[in-house]
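Reading the structure
The residues making up each chain are set out below.
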Amino acid sequence: MRGVGVNYDTGLLYDGRSTRRRFATETVREELRMIADELHAPAVRVSGNDLDRLVLAGEAALEAGLELWFSPVPMDLEPDQFIEFLAECAAAAETLRARGDVVLVLGCELSVFCKGFVPGETSSERIATMMDPATFADQAKLAQLHAGMLLWPEVQQRVVAHARAAFGGRITYAAGMWEDVDWSLYDIVAVDAYRDAQNAATFADELRDRAKWGKPVVATEFGCCAYRGAAARGSAGWMIVDRSVDPPVLTGEYERDEQEQVTYLQELVAEFDQLDLAFWFSFAGYELPHRPDDPAHDLDLSSYGLVAVDDLGERRPKAVYGALAELNLGQ
């Protein structure tokens, strides 16, 4: 594997709230330089759904000497809408490609983040549908889900065709492990690869199976939160915050354990030996403030970040920050 890259959030509107309200140009440039110079990452996946922010961060990444994975993430859009958005992003990525190495990532887990495939008006509703075992025991719900997913192949083809018309570089898609993707359409096979207690026994085999396409395989996301037991929850580790109250509060008592992230990083890198590249999720949880003196409201426990961010936006590297840098130096 070439090394461990980093996911960098430029801001995502999710369920009516932003994952990053502050977005200062100099902060973005500084953080991209940290990813290049301190973490020694070979690449960064810049994600979000504000095109202006994506371009600004993309420029900063290329200036820092990073391979840029330009990753627009449409949310709660119908297929026609997100195809149009991704085509606009492809044109912007082509402009950036004149400055350095750019890979275009055509969305992320679209079957749940956007409409038309899984029942539900919001991303949260669709994720809940997919996580509910009752969905797969209810014949009516199962039929509705099946009908939606039948639209998926044709939509993939349209997305790729529009992107190819505007972008001349390599393209891929950040797939959920449950999604059936026609990888013949893409240059790189990519999957959000979270290991948890439920898939641990089959995780390595599922990754190896993606090599059958004869193309580079990349983990566009992997990571866990920094509390005891978070590794077993994998991609669901963030679901420990009650947002029905103001301010949001943790749903129980969780013990901070930054070594949990370090161990997860080291174990998964060992499992990724056949991959070309893997991206840790993520650099920071900007709207999940670290409050060490207020454990019930220490929302950083639900963050996958390499750094903790307090209410003023000040950063503190977690233990996994140094561990990731060390791994990259050893590549």
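Our subject is the structure listed above.
An account of the accompanying structure is given in this report. (Residues numbered from 1 in each chain as written. Predicted model: local features only at pLDDT ≥ 70, side-chain atom pairs only at ≥ 80, totals over all residues. Heavy atoms only, no water.)

1. Focus: the nonpolar core
Note the cut-off: By convention a nonpolar core is built from buried Ala, Val, Leu, Ile, Met, Phe, Trp, Tyr and Cys residues, the set being connected through side-chain atoms within 4.5 Å. Exposure is judged per residue with a 1.4 Å probe applied to protein chains only, and the accessible area is read against the type maximum: over 50% gives exposed, under 20% gives buried, and values in between give partly exposed. Numbering of helices and strands runs from the N terminus; a helix is a DSSP stretch of H or I covering at least four residues, while a strand is a stretch of E covering at least two. Whether two residues are in contact is decided by their heavy atoms: any pair within 4.5 Å suffices.
Counting 93 residues, the largest nonpolar core has Ile-35, Phe-70, Phe-222, Phe-272 and Phe-283 as its most contacted members. Here this core gets 9 residues from one element, more than from any other, and that element is helix 3 (residues 79-97). Discounting chain neighbours no more than four positions away, the residues touching Phe-283 are Val-6, Asn-7, Tyr-8, Glu-31, Met-34, Ile-35, Leu-39, Gly-305, Leu-306, Val-307, Arg-315 and Tyr-321. Among the nonpolar cores identified, the runner-up in size contains 19 residues, and Trp-69, Met-75, Ile-188 and Val-218 belong to it.

2. A look at the packing of aromatic side chains
The criterion, for reference: Aromatic pairing here means that ring centres of Phe, Tyr or Trp (its six-membered ring) are within 6.5 Å. Orientation follows from the plane angle: under 30 degrees is stacked, over 60 is edge-to-face, and everything else is tilted.
All told, the structure shown has 15 aromatic pairs when counted by the stated rule. Consider the rings of Tyr-14 and Trp-238, whose centres lie 6.4 Å apart with planes at 85 degrees: the pair is edge-to-face. On the criterion of sequence distance, the pair formed by Tyr-14 in strand 2 (residues 13-14) and Trp-238 in the loop between helix 9 (230-233) and strand 10 (241-242) is long-range, its members being 224 residues apart. Overall, Tyr-14 belongs to the buried group, its relative accessible area being 10%. Given a relative accessible area of 32%, Trp-238 falls into the partly exposed group.

3. Here we look at the packing of helix 1 (residues 25-37) against helix 2 (residues 51-63)
Heads up, the condition is: For every element, the axis is a line fit to its C-alpha atoms; helices are fit only across the contacting stretch, and the angle between N-to-C directions ranges from 0 to 180 degrees. An angle below 35 degrees is treated as roughly parallel, one above 145 as roughly antiparallel, one from 65 to 115 as roughly perpendicular, and anything else as oblique. Two helices crossing with the near one rotated counterclockwise from the far one by less than a right angle form a left-handed crossing, whereas a clockwise rotation gives a right-handed crossing. Each residue gets one label: Ala, Val, Leu, Ile, Met, Phe, Trp, Tyr, Cys and Pro are nonpolar, Asp, Glu, Lys and Arg are charged, and the others, such as Gly, are polar.
One can describe the packing of helix 1 onto helix 2 by two numbers: an axis separation of 9 Å at closest approach and a directional angle of 40 degrees. Here helix 1 lies oblique to helix 2, going by the angle between them. Crossing of helix 1 over helix 2 shows right-handed handedness. Contacts between helix 1 and helix 2 involve Thr-25, Val-28, Arg-29 and Leu-32 from the former and Leu-56, Ala-57, Ala-60, Ala-61 and Glu-63 from the latter. Here the residues of the contact of helix 1 with helix 2 sort into 6 nonpolar, 1 polar and 2 charged.

4. With respect to the environment of Asp-182
We count it as follows: Pairs of N or O atoms within 3.5 Å make up the polar contacts considered here, provided that, within protein, one atom can donate a hydrogen while the other can accept it, and that residues adjacent in sequence are counted only when both atoms are side-chain atoms.
Counting through the fold element by element, Asp-182 comes out in the loop between strand 7 (170-174) and strand 8 (189-192). Distance from Asp-182 to Trp-213, taken between C-alpha atoms, is 9.6 Å for residues 31 residues apart in sequence. Residues in contact with Asp-182, not counting those within four places in the same chain, are Gln-156 and Trp-213. Within polar-contact distance, the side chain of Asp-182 engages the side chain of Ser-184 at 2.5 Å.

5. Quick word on the environment of Arg-126
Counting through the fold element by element, Arg-126 comes out in helix 5 (residues 123-131). The exposure class assigned to Arg-126 is buried, which follows from its relative accessible area of 0%. Sequence spacing of Arg-126 and Ser-111 is 15 residues, and the spatial spacing of their C-alpha atoms is 8.7 Å. Beyond its immediate chain neighbours, meaning those up to four positions away, Arg-126 contacts Asp-76, Ser-111, Val-112, Phe-113, Cys-114, Lys-115, Val-118, Pro-119, Gly-120 and Glu-121. For Arg-126, the side chain forms a polar contact with the side chain of Asp-76, separated by 2.4 Å.

6. Points about the side chain of Gln-156
Here Gln-156 lies in helix 7 (residues 152-166). Overall, Gln-156 belongs to the buried group, its relative accessible area being 4%. Not counting residues within four places of it along the chain, the set of residues in contact with Gln-156 comprises Asp-180, Val-181, Asp-182, Leu-185 and Tyr-186.

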